[in-house]
Amino acid sequence: MQTGIRFIAEYYDIKSKKVIESQILRTDKIKRPTTLKELGYLHSEQIQFLQAIQDFKLLHETKLINEEIICPNCGCKTSPRGTRKSNFHAALTDHKISIQCRRCQCGWSSPDSIESIYGSSMHPDLVEKQVVQGAENSYRQASRQLNAESKNHRSINNDDRIRRNIADIACLIETEKLKPLKTTTESDAAKSLVVVVDGGHLKSNDNDLRSFEAMIATVYRPENIRGIDTHHNEIIQKTSVASALSDHQKTIKRLVLNACQKEGSHAAITQLTCLTDGATNCWSIANSLKNHCKELINVLDWFHITKRFTIINNRSADNHFKEALEKVKWFLWHGNVAGSLERLTQLKLNLNDEKLLSDLKELHEYIKRNKKYIVNYQERQAAHLPFTSTLAESSVNALINARQKDNKKMQWTREGAHNILQIRTSRFSKTWEQDWQTAQEKIYLKVA
């Protein structure tokens, strides 16, 4: 016996169960698959099936959209004035919908496209897919991936459209995050917060500017650090913000302040510990929080100190030099700036390697420039106080390097990089679902 399956869509009256219209969407013979490829439906066949289902539903939804409209201006009945084909772009398929145009004798005309009715011709699911994939990959790569998912080259998935959607959503997210927040109640206030401020340089597409720096900050409560295993921890809740704008740090300072308040900062209760790599622009951001907390403690990040020593150490094969350099680091670990500078000066006197000498001079200036932010790290570690950004440092890699910096050929405008960072910080802080919902409410119109 030859068998088959038939998929039928029915448009029916829910109350009476009477079928008003039915349509066969797909028929297939059933036979024994001889290869795995023959088992089930191909990707392209699944998309075709989805297209047919969507078309059938849209046909009947359009009837409701095209129902007679009473003029919102004068309350009179409106008259039909032909139809217009309008694009509708779903998550995986594209459609043409016939919109009934209507006009009133008072001069009012009805919206004549999906975009004018709902605010956009792109379904929110498609916009979200474009924004998320465009923030994780290059626009061109995101376009290819989206088209591969749809098994079709869709013009709506072009890289410029992805870029524009990211810019629009990023602007909406940033606008919300820049709004002043309500003061945290004393009962909900955090006794202490850690603020890690860092930056990453991106290659500029401006011929007059070789590169520019994007600033990133991550704020978290110390109690939100959880152990993964014996040697690894993670921050289970945090707020990360970023800016690549050249606006004298106005945006990043506002975003960092709001991030602190979101994490529970209170001017009369919270102690803020700011960890930075020692750059002047990082300290500027940290010091902007001084009037918004009970106490501000600035600490030169031990992670970045260690990083500088490691680079210099790896450039020499001289064990005596390595031991002397380790002694300089030991003095810093115990907060003895004078001792470390003295040892560093002695080390320079006995060095003939010009490259290493240059590195030591730079290290000397780095320590001297940041001496007031160098603490007794050994004591802070013993007291379980923050002294290193090892955990939060991954935010730079996650927010900048993975998408923007590691691709050596990629060049950026400040605005383009800034937009990407708004999406990535939202996802990194695990607030994307809420941020995206807020953005949808701003973009899409609700029809009565």
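Please refer to the structure higher up on the page.
What comes next concerns the included structure. (Residues numbered from 1 in each chain as written. Predicted model: local features only at pLDDT ≥ 70, side-chain atom pairs only at ≥ 80, totals over all residues. Heavy atoms only, no water.)

Now for the overall build of the chain. Within the chain one finds 15 helices and 11 strands. Its C-alpha atoms give the chain a radius of gyration of 30 Å, more than 25% over the compact-globule value 22 Å for 448 residues. Dimensions along the principal axes, computed over C-alpha positions, put the chain at roughly 90 × 65 × 50 Å. Relative to its 448 residues, the chain shows a buried fraction of 43%. A separation of at least 24 residues holds for 65% of the contacts in the chain among residues at least 6 apart in sequence. Charged side chains of the chain number 66 positive and 52 negative; the gap between the two group centres comes to 3 Å. (Helix = DSSP H or I, 4+ residues; strand = E, 2+ residues; numbered from the N terminus. Rg over C-alpha atoms; globule rule 2.2 N^0.38 Å. Buried < 20%, exposed > 50% of the residue type's maximum accessible area, 1.4 Å probe, protein only. Contact = heavy atoms within 4.5 Å. Lys, Arg positive; Asp, Glu negative; His and termini not counted. Charge placed at Lys NZ, Arg CZ, Asp CG, Glu CD.)

What follows deals with the environment of I225. With respect to the helices and strands, I225 occurs in strand 7 (residues 225–227). In this structure, the C-alpha to C-alpha distance between I225 and I236, residues 11 residues apart in sequence, is 6.2 Å. When neighbours within four sequence positions are excluded, I225 is seen to be in contact with Y220, N233, E234, I235 and L391.

With that out of the way, let us pick up unusual backbone geometry. Unusually for a residue other than glycine, K17 sits at a positive phi of about 70°. The residue K17 is located in the loop between strand 1 (3–12) and strand 2 (19–30) in this model. A relative accessible area of 57% places K17 in the exposed class. Phi is positive for H248, close to 60°, though the residue is something other than glycine. Considering the arrangement of structural elements, one finds H248 in the loop between strand 9 (239–243) and helix 6 (250–262).

Overall, the coordinates contain 10 aromatic pairs when judged by the stated rule. Ring geometry for F7 versus F49: centroids 4.6 Å apart, planes at 55°, classification tilted. In this pair, F7 sits in strand 1 while F49 sits in helix 1 (residues 43–65), placing the two residues 42 residues apart along the sequence. A residue is classified by how much of its surface remains accessible, and F49, at 18% relative accessible area, is buried. For the pair W330 and F331, a centre-to-centre distance of 5.4 Å together with 80° between the ring planes defines the contact as edge-to-face. Taking the relative accessible area as the measure of exposure, F331 reaches 13% and is therefore buried. Through a chain of ring-to-ring contacts, three or more aromatic side chains come together here, namely W302, W333, Y377 and F387. Its end group placed over the ring of Y366, R308 keeps NZ or CZ at 3.7 Å from the ring centre. Geometry around W330 places K327 over its ring, the cationic atom sitting 4.4 Å from the centre. (Phe/Tyr/Trp six-rings, centres within 6.5 Å; stacked < 30°, edge-to-face > 60°. Lys NZ or Arg CZ within 6 Å of the ring centre and 35° of its normal.)

Turning next to the packing of helix 3 (residues 124–136) against helix 4 (residues 139–150). In contact at an axis separation of 8 Å, helix 3 and helix 4 are set at 135° when each is read in the N-to-C sense. Taken together, helix 3 and helix 4 sit at an angle that is classed as oblique. By crossing handedness, the relation of helix 3 to helix 4 is classed as right-handed. Contact residues: helix 3 offers K129, Q130, Q133 and G134, while helix 4 offers Y139, A142, Q145, L146 and E149. Considering only residue class, the contact of helix 3 with helix 4 consists of 3 nonpolar, 4 polar and 2 charged. (Axes fitted to C-alpha atoms, helices over the stretch in contact; angles between N-to-C directions. Parallel < 35°, antiparallel > 145°, perpendicular 65-115°, else oblique. Left-handed = near helix turned anticlockwise from the far one by under 90°. Nonpolar A, V, L, I, M, F, W, Y, C, P; charged D, E, K, R; others polar.)

Read across the open sheet, the 5 strands follow the order 9-6-5-10-11; overall the sheet is mixed. Lying at the two open borders of the sheet, with one neighbouring strand each, are strand 9 and strand 11 (295–300). Between one strand and the next, the sheet's axes are offset by a mean angle of 20°, whatever the strand orientation. In terms of strand pairing, strand 6 (residues 211–220) meets strand 9 through 5 bridges, oriented antiparallel. From the neighbouring strand, A217 faces strand 9, where its bridge partner is V241. (Pairing = 2+ DSSP bridges.)

This part covers the nonpolar core. Membership of the largest hydrophobic core comes to 56 residues, with the highest contact counts inside it found for V195, V256, I367 and Y377. Ignoring anything within four residues of it in the chain, the contact list for V256 reads V195, A217, V241, I285 and L289. One finds V127, A170, F212 and W412 within the second-largest nonpolar core, a separate group that totals 33 residues. (Core = buried A, V, L, I, M, F, W, Y, C linked by side-chain atoms within 4.5 Å.)

The final tally for this structure, using the stated rule, is 18 salt bridges. The residue E61 makes a salt bridge to K57 at a minimum N-O spacing of 3.7 Å. Pair noted here: E61 and K57 are both in helix 1, with a separation of 4 residues, about one helical turn. Using a relative accessible area of 34% as the deciding quantity, one classes E61 as partly exposed. The salt bridge involving R154 is made with D94; its shortest N-O contact spans 2.7 Å. (Salt bridge = Lys/Arg side-chain N within 4 Å of Asp/Glu carboxyl O.)

In the contact formed by helix 10 (residues 337–349) and helix 11 (residues 354–369), the axes pass within 10 Å of each other and the chain directions differ by 165°. Relative to helix 11, the element helix 10 lies roughly antiparallel. Once helix 10 is placed against helix 11, the crossing between them reads as left-handed. When helix 10 is examined against helix 11, the residues V337, S340, L341, L344, T345, L347 and K348 are found in contact with a partner set consisting of L357, L360, K361, L363, H364, I367 and K368. Partitioned by chemical class, the residues of the contact of helix 10 with helix 11 number 8 nonpolar, 3 polar and 3 charged.

This part takes up the state of the cysteines. Using the criterion set out here, one finds 0 disulfides in the structure. Between C104, a cysteine without a disulfide, and C74, which holds the nearest cysteine sulfur, the sulfur-to-sulfur distance is 3.4 Å. For the unlinked cysteine C106, the closest cysteine sulfur is that of C104, found at 3.6 Å. (Disulfide = S-S within 2.5 Å.)

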